[in-house]
Amino acid sequence: MTNVISMIVSGVLTGGVYSLVGMGIVLIYKATGVINFAQGAMLMLAALVGYGLVIILPSPWVAILLTLIIFGFVGYLAERFCLRPLIGQPLLSSVVVTLALSWLIEGIFVMGSGSGGERGYPPLLPTGSLEVGNITLSMSNLVNFAIAIVLFLAFTALFRYSKMGLAMRAVAEDHEVSQSLGISVKSVFSQVWIISMIAAAVSGILIGSATCVSVGLQGLGWKGLIVVIVGGLNSIIGCIVAGPLIGILESFAGVYVDPLVGGGMKETVPFILMLLVMIFRPYGLFGLKRIERV
Amino acid sequence: MRSKIKVGLMTAVVALLAISLVAISCAPSGVATPTAPGEVSIGTILVGINNDCTGPTAANQLLVFQAMTGVIEKVNAKGGIVYNDPNTGKEERVRIAYEWGDDKNDTARGAAIYKRIISHDPLLYFSNTSASTIALAEWFNRDKVVGFCMGCPLIARYPVKRYVFPSMQSRTDECATTIKWCVQDWQSKGHPGMPTFAFFTMGGAFGESSIEPGVEAYAKSLGVKIAGKWIFDPRATDLSTEFQAMVGAGVNYTYGNFVPPQFALVCKEQRRLGLEDAIKVITDSNAMWAKLWELAPEASQGKLGNVERPDVTEVSIPEVKRYVELLKNLELPVDGIGMFTAGHTEIAIDAMKKALETKGYPISADDLVEALERGPLLQAWGPHPKVYATPEDHMLSRECAMAKVSGAKYVIISDWMEMVDTRPTK
Amino acid sequence: MLPCGTRSFHYEEDIAIVRTRAQWGMLIAFLIILFTLPLYGNVYILSILSMAAIVLIAVQGLNLLTGYCGQLSVGQAAFVGVGAYITAILTTRFGVPWLAALISAGLGAGLVGIIFGLPALKIKGFYLAMTTLAAQFILDWCFLHLREWTGGVSGLGVDNASIGGIVFASEQSKYYLIMIITFVMVFFAKNIARTRVGRAFVAIKDNDLAANVMGINLRFYKLLAFFLCCGFAGVAGSLLAQYMNLVNPAQFSLGDSILYLGMLVVGGMGSITGGIFGTVFFQLLSTLTLVLSPLLYAVFPGLGMVASSAMTVFFYAIIIMLFLIFEPRGINHVWLAFKGSYRLYPFAYQ
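Residues numbered from 1 in each chain as written. Chains lettered and ligands numbered in written order. Predicted model: local features only at pLDDT ≥ 70, side-chain atom pairs only at ≥ 80, totals over all residues. Heavy atoms only, no water.

## As for the overall build of chain C
Step number 1: Assigned secondary structure in chain C consists of 15 helices and four strands.
Step number 2: Its C-alpha atoms give chain C a radius of gyration of 21 Å, near enough to 20 Å, the size a compact globule of 350 residues would have.
Step number 3: Reported as C-alpha extents along the three principal axes, the dimensions of chain C are approximately 60 × 55 × 50 Å.
Step number 4: Taken over 350 residues, chain C has a buried fraction of 58%. (Helix = DSSP H or I, 4+ residues; strand = E, 2+ residues; numbered from the N terminus. Rg over C-alpha atoms; globule rule 2.2 N^0.38 Å. Buried < 20%, exposed > 50% of the residue type's maximum accessible area, 1.4 Å probe, protein only.)

## What to know about the overall build of chain A
Step number 1: Across its full length, chain A holds 11 helices and two strands.
Step number 2: Mapped in sequence order, the helices and strands of chain A form the string α-α-α-α-β-β-α-α-α-α-α-α-α.
Step number 3: At 19 Å, chain A has a C-alpha radius of gyration in line with the 19 Å of a compact globule built from 294 residues.
Step number 4: C-alpha extents for chain A along the principal axes are approximately 60 × 50 × 35 Å.
Step number 5: Taking all 294 residues of chain A together, the buried fraction comes to 61%.
Step number 6: Sequence separation of at least 24 residues holds for 74% of the intrachain contacts in chain A that already meet a minimum separation of 6.
Step number 7: Here chain A has roughly 10,800 Å² of accessible surface; of this, 69% comes from carbon and sulfur atoms.
Step number 8: Taking the 14 positively charged and 11 negatively charged side chains of chain A as two groups, their mean positions are separated by 10 Å. (Contact = heavy atoms within 4.5 Å. Areas by Shrake-Rupley, 256 points an atom, 1.4 Å probe, with all protein chains shown as cover. Lys, Arg positive; Asp, Glu negative; His and termini not counted. Charge placed at Lys NZ, Arg CZ, Asp CG, Glu CD.)

## As for the state of the cysteines
Step number 1: The tally for this structure, following the rule as stated, stands at zero disulfides over all chains.
Step number 2: Free of any disulfide, C:Cys229 has its nearest neighbouring cysteine sulfur in C:Cys230, separated by 4.4 Å. (Disulfide = S-S within 2.5 Å.)

## Here's the deal with a nonpolar patch on the surface
Residue and element names in this part refer to chain A.
Step number 1: A contiguous nonpolar surface patch, about 380 Å² in accessible area, is contributed by Ile 237, Val 241, Leu 245, Leu 285 and Phe 286.
Step number 2: Residue placement: Ile 237 occurs in helix α10 (residues 236-261).
Step number 3: Relative accessible area serves as the criterion here: at 40%, Ile 237 is assigned to the partly exposed category. (Patch = residues over 30% accessible without salt bridge, like charges linked within 9 Å, V, L, I, M, F, W, Y side chains within 5 Å. Salt bridge = Lys/Arg side-chain N within 4 Å of Asp/Glu carboxyl O.)

## A short note on the packing of aromatic side chains
What describes a pair of aromatic rings is the distance from one ring centre to the other and the angle between the planes of the rings.
Residues and elements named next belong to chain C.
Step number 1: Tallying each qualifying case throughout the model produces 33 aromatic pairs over all chains.
Step number 2: With a centroid separation of 6.2 Å and 70° between ring planes, the pair formed by Phe 79 and Phe 116 is classed as edge-to-face. On the criterion of sequence distance, the pair formed by Phe 79 in helix α4 (residues 76-93) and Phe 116 in helix α5 (residues 98-117) is long-range, its members being 37 residues apart. Phe 116 carries the same exposure label as Phe 79, and that label is buried.
Step number 3: Arranged with centres 5.8 Å apart and planes meeting at 65°, the rings of Phe 126 and Tyr 127 form a pair that is edge-to-face.
Step number 4: For Phe 126, a relative accessible area of 4% puts it in the buried group. (Phe/Tyr/Trp six-rings, centres within 6.5 Å; stacked < 30°, edge-to-face > 60°.)

Without other data, these values stay purely geometric and don't point to any function.
See below:
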């Protein structure tokens, strides 16, 4: 029983990381209608840049702040030069351009990091584990989860109470109408990308410091996409719920299914769940029902 | 502006096409450091190298490449292979040129690199990537090129071919030896019965390489229990469920084949969960220790999981010392995999020299195969003590290469243990 | 645009692929060069062309699905894998003749494609991209873990193809085999595209509801598009298996799937010529990067070999992005515009 509880708990905590990644994707989709396949690559690059600055600068907190600023700028550049020229083009263009963007970032990452790019952060966050009863919780994942919750609250507040958030919601509803209401759609797009890339940088540094900086981090982008689909493309709350759900599913798959089939199910089960969700509930758990259907 | 960019883009496309065509038709063959003045070489031997400096296993491969080319350049710095030519009766020099490609662990790219290099007629081809090597093995035989399949244990599963030399211990044998060692370790500590095993490897292309049918059969013959095989996501951040499942299954030893980031995580997680005493984590000798300590900085202050910092420089075996010096001179990290690669490159060059001394320049692939098959070339080196290459068995190092680290010392299992042979009997 | 003075008096003339004598001449000359190349070209050039031809089949399949029918697929490489594994298993396990295995690979991969295409009946756009992405990951898992059938990481060895006693073992004979099959497949794709099925595809791409109202059976044609796309991939896989003499999971990665899409974007979507342009361009580019990275390393050792190797993805990404932004209709469009202006010369207006 303890085993099952601890599997659930560690699944929830791992899922928090996925939620964190998914949140950035939802944010961009909500306002611009673009799915960012490059979120994982951005996160990976952020982990590397963060590492480089933490090593160079005397205070790690200054370094982290600087990384966030740099990634805000990267977000602006990505939007301005890759996505904005494609407004009005078919969906395929935006999908392929973000895929290409992730290659570009991968290239930069490999050039910047040398072979494989594995780097270990000096300890930033509390490591070790917290014992609650018989269950050991990973401190770093706990911190990640807490930050995911904080970001979730911040984004919800942003969308609900700030003028900027209101503009974003209006733009998400209809580009032309909001343009005619005096909202600058372009600047909303930029803002959204900046915020989303800062979120990517936060998750990159968190995950990078918990494990290590490597090309493998890019794979978290796929997890983020799955979370987004399962939770509902335009729902931040869906993201927060779906992440832990997938985390738990992975935990169970890793322990119960993997030994039976010879492994690898842990990585594949989320995709199977995603397929099922897409067939039976295409708008996700919390998404708006107004989805493109045939 | 836009139309100008369009014209520029198209010009770039046409230019790229033109450059590609030129590059394909007249690509230079091989890179060799210039000859030192006063020393005249009578020819060059071309060596092809394919490894994945980018891609999923890149962590190991850069070092492999540097060690390999480092050894080649060291020979060239002396003017090449110096030998007594049987035809002229004089001392002659033959230089070594190499041509390399990075296949990103992608078979199609590996094939393209091979085809390019093969059109320049190399004598020897080092293939270092797991994915391409199996495909290349077929082609080495077809094209009559001596192929050194390094770092690729899978090749050992295939029948011996004349031109193919798997220059690595078989993972199967290694794994079986580990089981044997662990059983002895278990019994020496006074535990009754047999220990329980789990195999714990990273996912993706390495997912299954730790436990082979041969290993399973061997383990069963010893009476060891195999609790299961855990393959974890290379992107995992938390391994507590896997570890807890292992504890639940009563696992005592776990053996894994990892690249450094994953292994660092396994060690961190084992330590975090306080399982240092419950489960022993054992890895193969090729794990890049230096990289590992870099990834898990707390290790340098002391214990990291079950594994302690090995100091190769403290090992007293003379050949180990020699390779430590060699790698230090090349300004490379002193590591199992570097020593291993440098060693096999030296074997190849030694064999070339032998072949040159019997046949004279130029030598054919068959001459090189004969030279390689003429018995042990290097008596002992690195953590891999003995080297054989016989016509019946082209494995270049069969003796056990398992290294268990204990008390800041390298303990080489093969110092006191024969490697288990799990190959199917002929 | 056809040369001045070319008039069509019959329907057959209007729809002919090769219209003028000059075009016939060029086609025949091209085929002669293509099929006599093994007589004077070296093995390296043949290998580049063989690989390009194999990839071309997969890209044309993707073209039918994505370019013509407008259904986005990010999992084409996995279906190539399905074809390759089917060929490997049939020929080595059951001793099926290679030609029969080729056909079964096409059909089998097509059927697997239909399974993953089923969600396309309910969803589209980005969701479909994610379904095909899931197909890529799930099929990857199958390649790795259904070890009794696929051989796991090390894969399966495949014998050389043989048809009626002729064994295709040498590079030259493999080249001929691949070229003939590619020629047939491209011709087939061209004919699908310009007949009833192709027109239905284009109608679905433009507006599926309108297509439905016009009497096009959406379910049938969408699934047909998936079947054709993956069937082409299966044929490509079958050729790849006999060419490499091996199938292993590393040959069918997500990166390849994305690259196929990139080839389509750069060449020009929704045109068979565009698919050819894109494939040839990227295949040559990949060869160039393979040659260039060691050269760069030799000339600028300070750059490091990793940096020079990392250039490949960097190059690809930049080219795909530039094309998407500045020339979304691809090389094919530029080619058509060039042909038009060349034929009108010296009159500038078009």
